[in-house]
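Listed below are the residues making up each chain.
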Amino acid sequence: MRTVLRWLLSLVVLAGAVTAQAGSAVADQDPARDGRDILQRLLAVKGVKLVEEKPYEGYRYFVLTYTQPVDHRHPGRGTFDQRFTVLHKDTSRPTVFHTSGYGVSTSPGRSEPTRIVDGNQISLEYRYFTPSRPEPADWSKLTIWQGASDQHRLFTALKPVYGKKWLATGGSKGGMTATYYERFYPRDMDAVVAYVAPNDVVDDEDSAYDRFLADVGTAECREALHAVQREALLRRGPLSERYAELAGRTGATFTTVGSLDKAFEAVVMDLAWGFWQYADEADCADVPEAGSATDAELFAYVDEVSGWSFYTDQGLAPYTPYYYQAGTQLGSPGIAQPHLADLSRYGYQAPREFVPRSIPMRFEKHAMRDVDTWVRHHARRMMFVYGENDPWSAEPFRLGAGARDSYVLTAPGANHGANVAGLVPEESARATARIQQWAGVAPAAVQSDPAAAAPLAAYDHTLDSLDERLFQKYRGGRL
């Protein structure tokens, strides 16, 4: 991690360049320079089709699709329509290229960098998440390179419309996606801001996660969570009956994972991880006393943290692309949980258990090593933000001697929703200043004093709860 002194020195060095960039942006403000409305300009891009427009004050918001090849190496072998959205501010502003790494929200929302630079936002749905899935689906084409090539192709198509600077961003799998995009197409983006992006370089060596879970929070909170897990497995019989009743009422089935019992155990074994991923230390007070809790109370608490629906066929189906990638390239945590060893029947189950057997999977050991090596030696203008209490931060991206103008930052006490605003105040201001400089929009006051930096757009609860809503949507399981 860079020191505050280095932040200050490097910001000062770049101040003159940013002044020139900002001046040229002002001189070139003409969002309709070819006489067409922004929607007309977007629809003039070959392969772009409008799904709907949803007006939002201060913006125009479009849901669109873009025709992509199933295989970028052989573009003549079929296409599919990939969904994306445009939150349009002004073509004179920078553009943030956002992805969650999963599906795309069709409601207007801003990622944190979009607010920081007061820019436009392009949000892309990751390939193979419905409806952005070829039919029939050739799952061998769901790779990080193909996903990065989707981004590259859409960026190339939209760059003539949004001609100012571009920043890639995303949280969790979206942060990983932004990083992979930079690795394969390092000349596209002007900078990358990746949030809580795991970096599982060696898939079968996961001791970092075990060490993290043995030390996070207070001993009392960890012990209380462990006690709930043990009690749930000790009461497997009556709690499984409740689970079966719930499945019957909702029509849930367990074909993919294999049985209700395997799904039951997977949910229980996710509890400690899920708590630290999404809760705060203040939530430790809500952990029930395991021994005295009723079956109903225990069942309800496990549902609140882990989600009984998650490992049903219906819960897993939307995330088949994630588990496929976790089991073929991304890797996944395999935590030991020794406090459950005498009660567990299946252990911490691997991604293969959560993907239909009709889909073949083979793990590529080199994929994450390649990305990790590239980031360490070639990162330029990349910022990684992690949460101190987030289990996914146990294996972060790290920077080597070859990295330039890049940073790994940790928000104290933060979980999987960590962001720049949650950093130590002085560090948060300097990170904000750096993002604005990368985007070419740092105000004069920020150029002279980075500590004065703040987001250029005022907070809007509807727009700026985007990441919050996404994390809530994917809550449950190991996402």
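In this text the structure is predicted, and so the values were computed from the model without any measurement.

Should the sulfur atoms of two cysteines be covalently bonded, the bond is a disulfide. Under the definition given, this model contains one disulfide. The side chain of Cys221 participates in a disulfide bridge whose partner is Cys284; the two sulfur atoms lie 2.0 Å from each other. Across the S-S bond of Cys221 and Cys284 the torsion is about -90°, and the bridge reads as left-handed. Within this pair, whereas Cys221 is found in helix α7 (residues 219–234), its partner Cys284 is found in the loop between α10 (271–278) and α11 (295–305), the two being separated by 63 residues in sequence. An identical accessibility class is assigned to Cys221 and Cys284; each is buried.

Evaluation of the coordinates by the stated rule reveals 23 salt bridges. Because the salt bridges share partners, they merge into one network encompassing Arg236, Asp261, Glu265 and Arg345.

In this section: the sheet that holds strand β5 (residues 120–124). Reading across from one edge, β1-β2-β3-β5-β4-β6-β7-β8-β9 is the order of the nine strands in this open sheet, with mixed pairing throughout. Edge strands, defined here as strands with exactly one partner in the open sheet, are β1 (48–53) and β9 (407–411). Here the average twist between neighbouring strands, direction ignored, is 20°. In this structure, strand β7 (residues 191–195) lies alongside strand β8 (residues 382–387), joined through four bridges in parallel fashion. Residue pairing for β8: Ala194 is matched across the bridge by Phe384. Together, β2 (60–69), β3 (79–88), β4 (95–98), β5 and β6 (166–171) form the strand contacts of helix α4 (residues 144–158), whose direction differs from that of β2 by roughly 120°.

Counting buried residues in β6 gives six out of six residues, a clear majority hidden from the surface. Burial of β6 is two-sided: the residues Trp166, Ala168 and Gly170 facing one way and the residues Leu167, Thr169 and Gly171 facing the other way are all buried. As defined by bridge partners, β4 adjoins β6 across four bridges and the pair is classed as parallel. For His98, the partnering residue across the bridge sits in β6 and is Thr169. In terms of strand pairing, β6 meets β7 through five bridges, oriented parallel. Pairing of Thr169 across the sheet is with Val193, part of β7. With helix α5 (residues 173–184) bridging β6 and the parallel β7, this β-α-β connection has right-handed handedness.

Inspection of the secondary structure puts Thr65 in strand β2. The class for Thr65 is buried, based on a relative accessible area of 13%. Not counting residues up to four positions away in its chain, the partners in contact with Thr65 are Gly47, Val48, Lys49, Val51, Asp81, Gln82, Arg83 and Phe84.

Another aspect to go through is the pairing of β9. Regular strands place side chains that alternate from one sheet face to the opposite one. Burial analysis of β9 places four of its five residues in the buried class, which makes it a mostly covered element. In terms of strand pairing, β8 meets β9 through five bridges, oriented parallel. Bridge pairing links Val385 to Leu409 in β9.

As a further point, take unusual backbone geometry. Note that the residue after Thr130, namely Pro131, is joined by a cis bond; omega there is 10°. Examined against the element boundaries, Pro131 turns out to sit in the loop between β5 and α4. Backbone torsion omega between Glu135 and Pro136 reads -5°, so that peptide bond is classified as cis. Take Pro136: it is sitting in the loop between β5 and α4. Phi at Arg381 takes a positive value of approximately 50°, unusual for a residue other than glycine.

Another aspect to go through is the nonpolar core. Phe84, Phe97, Ile122, Phe275, Tyr311 and Tyr323 are the most contacted members of the largest nonpolar core, which totals 107 residues. The greatest single-element share of this core, amounting to seven residues, is contributed by α4. Grouped together as the second largest cluster of nonpolar side chains are 22 residues, Val117, Ala414, Ala431 and Trp438 included.

Rules and cut-offs
Residues numbered from 1 in each chain as written. Predicted model: local features only at pLDDT ≥ 70, side-chain atom pairs only at ≥ 80, totals over all residues. Heavy atoms only, no water. Disulfide = S-S within 2.5 Å. Helix = DSSP H or I, 4+ residues; strand = E, 2+ residues; numbered from the N terminus. Buried < 20%, exposed > 50% of the residue type's maximum accessible area, 1.4 Å probe, protein only. Salt bridge = Lys/Arg side-chain N within 4 Å of Asp/Glu carboxyl O. Pairing = 2+ DSSP bridges. Axes fitted to C-alpha atoms, helices over the stretch in contact; angles between N-to-C directions. Contact = heavy atoms within 4.5 Å. Right-handed = clockwise from strand over helix to strand, strands pointing away. Core = buried A, V, L, I, M, F, W, Y, C linked by side-chain atoms within 4.5 Å.

So yeah, pure geometry; function would need other evidence.
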